[in-house]
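# Topology and contacts: notes
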Amino acid sequence: METKLLKQSVCIAIVLFLNCFGNARASLGVTSQKAKPARASKPVLHPADRLSLDYYHASCPQLEGIIQQKLQALVKKDNSLAASIIRLHFHDCFVRGCDASILLNHQGSERSAEVSKTLRGFNIIDEIKSEVERKCPKTVSCADILVAAARDTTIMVGGPFWEVPFGRKDGLISIANEAKNVPHGHENVTQLIKQFEINGLNMLDLVILSGSHTIGRSSCSAIQQRLFNYNNTRKSDPSIDISYLHYLKKKCTRLDNYVHLDVATPRIFDEVYYKNLEKKKGLLLTDQLLYSDQRTASLVHALASQPELFIIQFGVSMVKLGNVGVLTGKDQGQIRLNCNYVNKA
């Protein structure tokens, strides 16, 4: 049995490595040698292909420094803001793509939806945007600021660095009903895979990006059914470790109480999230199902046992997330002057 698991783990490690290597080659412009076609056709650019690492080098060279400086001071005061910014970025990209539509603040917007009530970090993006506007007016989109902020806050809590390509425009539309497209923590793995595939992300991205739950908290209201009425049985979810179940019941005497997503190392960005799943200590149902479902269990095991794989692949999957549904065309979106509102005509 141990030999079988080891072989399985090695195979998954190879898959992860090849995926990382393939993405790394692409980012460096390395391609396999192929015979040239008889007629060269004009390539059709995907919107994300218009993003570039040097997009603001001439127009706002101090951009990343501004973002980092602002975030360092804020995260130092409140370490939990890192998870909030990453979550805000995720919610943005899963609705209409990474266009900062989650930041629009008006009646009927995504931000006003019930599922968005626990989102934080809006004021932080506003602070950064105000400073950027002072230094580089009418130049940098809110969408780009949010993507970069998610990367920088990850680093500040011990996570990996990855290069962020820029050039996104801000969207003009935000609809509350569309916020339901974001996973809520109650889906099964089949539903999660489908939600990710719709956004151009695969099963590996699902498992890797779920690893962001190595930091952050969840309200007790999100796990009430698991604790007290699993599948309408009026009993607890049997997949929860019994000692962890007792701990959660003590913590969740009120719906508006909060518990850490990672019970072991809640303030450190590491692979322990996956080790928790192996011990039946995943907080959200969607977390624990990643280990109980055969399609994703082997990935969880590989990431739990080989932390460097998680660190390497997290940056790759975050770049993919940041490229979802971006607006880059001349007639697409705008550079908002205030992230809360569409520019006046």
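Residues numbered from 1 in each chain as written. Predicted model: local features only at pLDDT ≥ 70, side-chain atom pairs only at ≥ 80, totals over all residues. Heavy atoms only, no water.

## A closer look at helix α13 (residues 307–322)
The α-helix advances 3.6 residues per turn, and as a result positions three or four apart in sequence lie on the same side. Across its 16 residues, α13 extends 23 Å between first and last C-alpha, which sits within 8% of the 22 Å expected from 1.5 Å per residue. Of the residues making up α13, those classed as buried are L309, F310, Q313, F314, G315, V316, S317, M318, L321 and G322. (Helix = DSSP H or I, 4+ residues; strand = E, 2+ residues; numbered from the N terminus. Expected span 1.5 Å × (residues − 1). Buried < 20%, exposed > 50% of the residue type's maximum accessible area, 1.4 Å probe, protein only.)

## Concerning the confidence of the model for the protein
Overall, the predicted model of the protein reaches an average pLDDT of 89, with 87% of residues at or above 70. The low-confidence segment residues 1–14, where pLDDT is below 50, has eleven contacts with residues more than four positions distant or belonging to other chains. Note on residues 17–38: pLDDT under 50 across the span, and ten contacts to partners over four residues away in sequence or across chains. (pLDDT = per-residue confidence, 0-100. Contact = heavy atoms within 4.5 Å.)

## With respect to the environment of A297
Tracing the sequence through the fold places A297 in helix α12 (residues 294–305). The spacing of A297 and E278 is 19 residues in sequence and 8.9 Å in space, taken between C-alpha atoms.

## Structural notes on the nonpolar core
Among the nonpolar cores identified, the biggest contains 72 residues, and L63, L88, L103, I125, Y274, F314 and L321 are the most heavily contacted of them. Not counting residues up to four positions away in its chain, the partners in contact with Y274 are V207, I208, G211, V300, L303, A304 and F310. Formed by twelve residues, the second largest nonpolar core is a distinct cluster that contains Y244, L245, V259 and L261. (Core = buried A, V, L, I, M, F, W, Y, C linked by side-chain atoms within 4.5 Å.)

## A look at the state of the cysteines
A covalent bond between the sulfur atoms of two cysteines is what we call a disulfide. For the coordinates displayed, the defined rule picks out four disulfides. Across the disulfide from C142 sits C339; the S-S distance is 2.1 Å. The sign of the -100° torsion about the S-S bond sets the C142-C339 disulfide as left-handed. Of this pair, C142 sits in helix α5 (residues 142–156) while C339 sits in the segment after α13, and the two are 197 residues apart along the sequence. (Disulfide = S-S within 2.5 Å.)

## What about unusual backbone geometry?
Glycine aside, residues mostly have negative phi, and peptide bonds are mostly found in the trans state. The phi angle at A100 is positive, at roughly 60°, despite the residue not being glycine. Note on placement: A100 falls in the loop between α3 (81–93) and α4 (122–135). Phi at R234 is positive, roughly 60°, even though this residue is not glycine. Tracing the backbone shows R234 in the loop between α8 (224–228) and α9 (242–251). Overall, the relative accessible area of 75% leaves R234 in the exposed class.

## Here we look at the packing of aromatic side chains
Within the structure shown, the criterion is met by twelve aromatic pairs. Ring centres 4.9 Å apart and planes at 80° place the aromatic pair Y273 and Y274 in the edge-to-face group. Relative accessible area serves as the criterion here: at 1%, Y273 is assigned to the buried category. Its relative accessible area of 0% is what places Y274 among the buried residues. Ring pairing ties together the aromatic residues W162, F269, Y273, Y274, F310 and F314, which thus form one cluster. Above the ring of F122, the side-chain terminus of R111 is found at 3.8 Å from the ring centroid. A cation sits over an aromatic face here: R217 above Y258, 4.6 Å from the ring centre. (Phe/Tyr/Trp six-rings, centres within 6.5 Å; stacked < 30°, edge-to-face > 60°. Lys NZ or Arg CZ within 6 Å of the ring centre and 35° of its normal.)

## Side note on the packing of helix α2 (residues 63–77) against α4
Where α2 meets α4, the axes come as close as 10 Å, and the angle between the chain directions of the two elements is 145°. Note on packing geometry: the crossing formed by α2 with α4 is right-handed. Where α2 abuts α4, its residues L63, I66, I67, K70, L71 and L74 lie against I124, E127, I128, E131, V132 and K135. Residue classes in the contact of α2 with α4 are distributed as eight nonpolar, no polar and four charged. (Axes fitted to C-alpha atoms, helices over the stretch in contact; angles between N-to-C directions. Left-handed = near helix turned anticlockwise from the far one by under 90°. Nonpolar A, V, L, I, M, F, W, Y, C, P; charged D, E, K, R; others polar.)

## Comments concerning the pattern of salt bridges
Applying the stated rule across the entire model yields 13 salt bridges. Residue K320 pairs with D205 through a salt bridge whose shortest N-O separation is 2.6 Å. With a gap of 115 residues between them, K320 in helix α13 and D205 in helix α7 (residues 203–210) connect regions that are remote in the sequence. Owing to a relative accessible area of 0%, D205 belongs among the buried residues under this scheme. Through salt bridges that share partners, E64, R151 and D152 make up one connected network. (Salt bridge = Lys/Arg side-chain N within 4 Å of Asp/Glu carboxyl O.)

## So, the side chain of R226
Inspection of the secondary structure puts R226 in helix α8. Engagement of the side chain of R226 in a polar contact is seen with the side chain of S239, the distance being 3.3 Å. Only 2.8 Å separates the side chain of R226 from the backbone oxygen of G282, close enough to count as a polar contact. Those residues within four positions of R226 in sequence are excluded, and the remaining contacts are S236, D237, S239, I240, G282, L283, L284, L285 and Q288. (Polar contact = N/O pair within 3.5 Å; in protein donor to acceptor, adjacent residues only side chain to side chain.)

## As for a nonpolar patch on the surface
Residues L172, I173, I175 and V342 make up a contiguous nonpolar surface patch of roughly 300 Å² in combined accessible area. Summarising the element assignment, V342 is placed in the segment after α13. Among the residues examined, V342 registers a relative accessible area of 33% and is labelled partly exposed. (Patch = residues over 30% accessible without salt bridge, like charges linked within 9 Å, V, L, I, M, F, W, Y side chains within 5 Å. Areas by Shrake-Rupley, 256 points an atom, 1.4 Å probe, with all protein chains shown as cover.)

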